[in-house]
Amino acid sequence: MAQDILVIGEVEDGAPASVTAELLGAARRLADGGNVSVTLLGAAAAGAADAAFAAGADRAYVGADGAYDEFQPDQWIAAAQAAVEQASPAAVLMAQSGIGRDLAPRLAFRLDSAAAMDCVAVESGDGGFRATRPCYGGNAQATYSFATSPAIATVRAKSQEPLADPHSGAGETVELAAAGESRGTIAGREQAVSEGLQLQDASMVVSGGRGLGGPEGFEVMEALASALGDDKAAVGASRAACDLGWYPVSQQVGLTGKVVTPDLYIAVAISGASQHMAGCSGSKTIVAINRDEEANIFKSARFGVVADYKAVLPPLIEAIKAAG
Ligand SMILES: Cc1cc2nc3c(=O)[nH]c(=O)nc-3n(C[C@H](O)[C@H](O)[C@H](O)COP(=O)(O)OP(=O)(O)OC[C@H]3O[C@@H](n4cnc5c(N)ncnc54)[C@H](O)[C@@H]3O)c2cc1C
């Protein structure tokens, strides 16, 4: 059944963020012939509209005001609500990002509806929308249906495919009002230091745990990531390893760290506690290297090596390098 979908977009470097393109792909499929709209906010928003149309939008609600550049919930919520009122969507999708996490419950409250957070799938059927999210640290999945409209969901990055081919058809641009005064001021911002490829953008993540035995173990992990390709692989860590100061907290994977969904996740000397799996269970393929054959990580791994990592990684790195 055709239905209209609104995506709350995020703009990065003058273009829709990759997660926004993924959401537009998902929205296009959900719309089933209905209209797909997107909100684009910030000084660079107008310039991002064409890319949003190619990514699947029919209409862009553009708030080309630099005041939107810093995410201020009271300004963004007004813009999101204005777009909802004009588009009357059956569902609103946004990223499970800092913005989406803050905005979705606020929007649900304003619209007297409900939000499903951290979803990996949103489908529609006879009974309306269903949203699925991992729960119990990634060991189970919960599926929610919506008794209210619009259905609001935040969706994990990389859980949806962008459109394979550019969406055809010229899009319509609707201007949103300028951002009013915010009641909040941002006193300061501190960028977490994380060099090179970001964990969430990497198609391969190699993570080390307490079983590495010390910070020098992470040098081997970095060599493995390097062999796989500096532009493809990033190094992650378990909380135990980060808490010990062996690797930066910015690289922690898990419930209280980053959520990653790479094509390949190699867990080295990580036990596979549910809180760790919450951050990596969405990976397409998990490979585990652990010397304990009973380790929980093997329950989630597609391939497992029961061995001391010190015996496995150096020849593996050499073999990857040799394969070019
Ligand atoms: C509220 C809460 C939130 C949490 N959030 C997170 C989170 O975000 N991320 C996270 O990771 N954890 C989190 N934790 C902690 C989590 O419960 C585990 O304690 C942690 O993940 C364990 O890390 P680990 O697997 O590296 O260490 P361990 O559990 O100590 O496992 C080490 C593993 O290494 C193996 N090993 C040892 N030596 C070798 C060797 N030489 N070669 C191969 N294998 C070897 C061992 O067999 C073992 O399986 C959280 C906990 C709580 C309570």
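Computed from a predicted structure; not experimentally measured. (Residues numbered from 1 in each chain as written. Predicted model: local features only at pLDDT ≥ 70, side-chain atom pairs only at ≥ 80, totals over all residues.)

Draft legend 1. Highlighting the nonpolar core. Formed by 59 residues in total, the largest nonpolar core has its most connected members in Ile5, Leu24, Ala27, Leu40, Ala52, Leu93 and Ala153. It is helix 1 (residues 18–31) that provides the largest number of residues to this core, a total of 8 residues. Those residues in contact with isoleucine 5, other than ones at most four positions away along the chain, are Ala27, Leu30, Ala31, Gly34, Val36, Pro89, Ala90, Ala91 and Leu93. (Core = buried A, V, L, I, M, F, W, Y, C linked by C-beta atoms within 7 Å. Buried ≥ 20, exposed ≤ 12 C-beta atoms within 10 Å, placed from the backbone. Helix = DSSP H or I, 4+ residues; strand = E, 2+ residues; numbered from the N terminus. Contact = placed C-beta atoms within 7 Å.)

Draft legend 2. Local environment of the site of the ligand. In the vicinity of the ligand, 28 residues are found, and the nearest of them are Gly209, Gly211, Ser238, Arg239 and Gly254. Listed by contribution, the elements that provide at least two residues to the shell around the ligand are helix 6 (239–243), helix 7 (274–277), strand 16 (285–290) and helix 9 (309–323). Examining the composition of the shell around the ligand, we find that 3 residues originate from one element, helix 6, more than from any other. Of the residues assigned to the shell around the ligand, the class counts are 10 nonpolar, 12 polar and 6 charged. (Near = placed C-beta within 6 Å. Nonpolar A, V, L, I, M, F, W, Y, C, P; charged D, E, K, R; others polar.)

Draft legend 3. Region of the structure containing the environment of glycine 184. Secondary-structure assignment places glycine 184 in the loop between strand 12 (172–175) and strand 13 (204–208). Using a count of 11 C-beta atoms within 10 Å as the deciding quantity, one classes glycine 184 as exposed. Along the primary structure glycine 184 and glutamine 72 are separated by 112 residues, whereas in three dimensions their C-alpha atoms are 7.2 Å apart. Those residues in contact with glycine 184 that lie beyond four places of it in its chain are Gln72 and Asp74.

Draft legend 4. The arrangement of the pairing of strand 10 (residues 140–145) in detail. Burial analysis of strand 10 places just 0 of its 6 residues in the buried class, a small minority of the element. Sheet topology places strand 9 (residues 128–135) next to strand 10; 6 bridges connect them, and they run antiparallel. Bridged to proline 134 within strand 10 is glutamine 141. (Pairing = 2+ DSSP bridges.)

Draft legend 5. How the structure looks around unusual backbone geometry. In this structure, the amide linkage connecting serine 149 to the following residue, proline 150, adopts the cis form with an omega of 0°. Structurally, proline 150 is set in the loop between strand 10 and strand 11 (151–155). One non-glycine residue, aspartate 32, lies in positive phi territory at about 50°. Within the fold, aspartate 32 resides in the loop between helix 1 and strand 4 (36–41). A tally of 11 C-beta atoms within 10 Å means that aspartate 32 is categorised as exposed. Positive phi is not limited to glycine here, since aspartate 112 has a value of about 55°.

Draft legend 6. Examining the sheet that holds strand 14 (residues 233–237) more closely. Strand order in the open sheet formed by 5 strands is 14-13-15-16-17, and the pairing between neighbours is parallel. Every interior strand has two partners, whereas the edge strands, strand 14 and strand 17 (303–306), have only one. When the angles between neighbouring strand axes are averaged without regard to direction, this sheet yields 15°. Direction of pairing for strand 13 relative to strand 14: parallel, over a ladder of 5 bridges. Paired with valine 206 across the strands is valine 235, a residue of strand 14. (Axes fitted to C-alpha atoms, helices over the stretch in contact; angles between N-to-C directions.)

Draft legend 7. Molecular detail of the sheet that holds strand 8 (residues 121–125). In spatial order, the strands read 8-9-10; together these 3 strands make up an open sheet with antiparallel pairing. A single partner strand is all that each edge strand has here, and the edge strands are strand 8 and strand 10. Mean inter-strand twist for the sheet, computed between neighbouring axes without regard to direction, equals 25°.

Draft legend 8. Looking closely at the domain arrangement of the protein chain. By the assigned domains, the protein chain splits into domain 1 (5–175) and domain 2 (199–323). Computed from C-alpha coordinates alone, the two centres of domain 1 and domain 2 are separated by 31 Å. Facing the 10 residues of domain 1 at the interface are 10 residues of domain 2. Tallied by class, residues from the side of domain 1 that touches domain 2 come to 4 nonpolar, 4 polar and 2 charged. (Domains from an automatic or database assignment.)

Draft legend 9. Local environment of the pairing of strand 6 (residues 91–95). The buried count for strand 6 comes to 5 of 5 residues, which makes it a mostly enclosed element. Where burial is concerned, the two faces of strand 6 agree: the one with Ala91, Leu93 and Ala95 and the one with Val92 and Met94 are both buried. Pairing between strand 1 (residues 5–8) and strand 6: 4 bridges, direction parallel. Looking across to strand 6, one finds that leucine 6 is bridged to valine 92. Here strand 6 pairs with strand 11 via 5 bridges, running parallel. Bridge pairing links alanine 95 to valine 155 in strand 11.

Draft legend 10. The packing of helix 3 (residues 73–87) against helix 4 (residues 98–110), seen in detail. Look at helix 3 against helix 4: their axes get within 10 Å of each other, and the N-to-C directions meet at 55°. One finds that helix 3 runs oblique with respect to helix 4. Here helix 3 runs over helix 4; the crossing is right-handed. Contacts between helix 3 and helix 4 pair Pro73, Trp76, Ile77, Ala80 and Gln81 from the former with Ile99, Asp102, Leu103, Arg106, Leu107 and Arg110 from the latter. Grouping the amino acids of the contact of helix 3 with helix 4 by side-chain chemistry returns 7 nonpolar, 1 polar and 3 charged. (Parallel < 35°, antiparallel > 145°, perpendicular 65-115°, else oblique. Left-handed = near helix turned anticlockwise from the far one by under 90°.)

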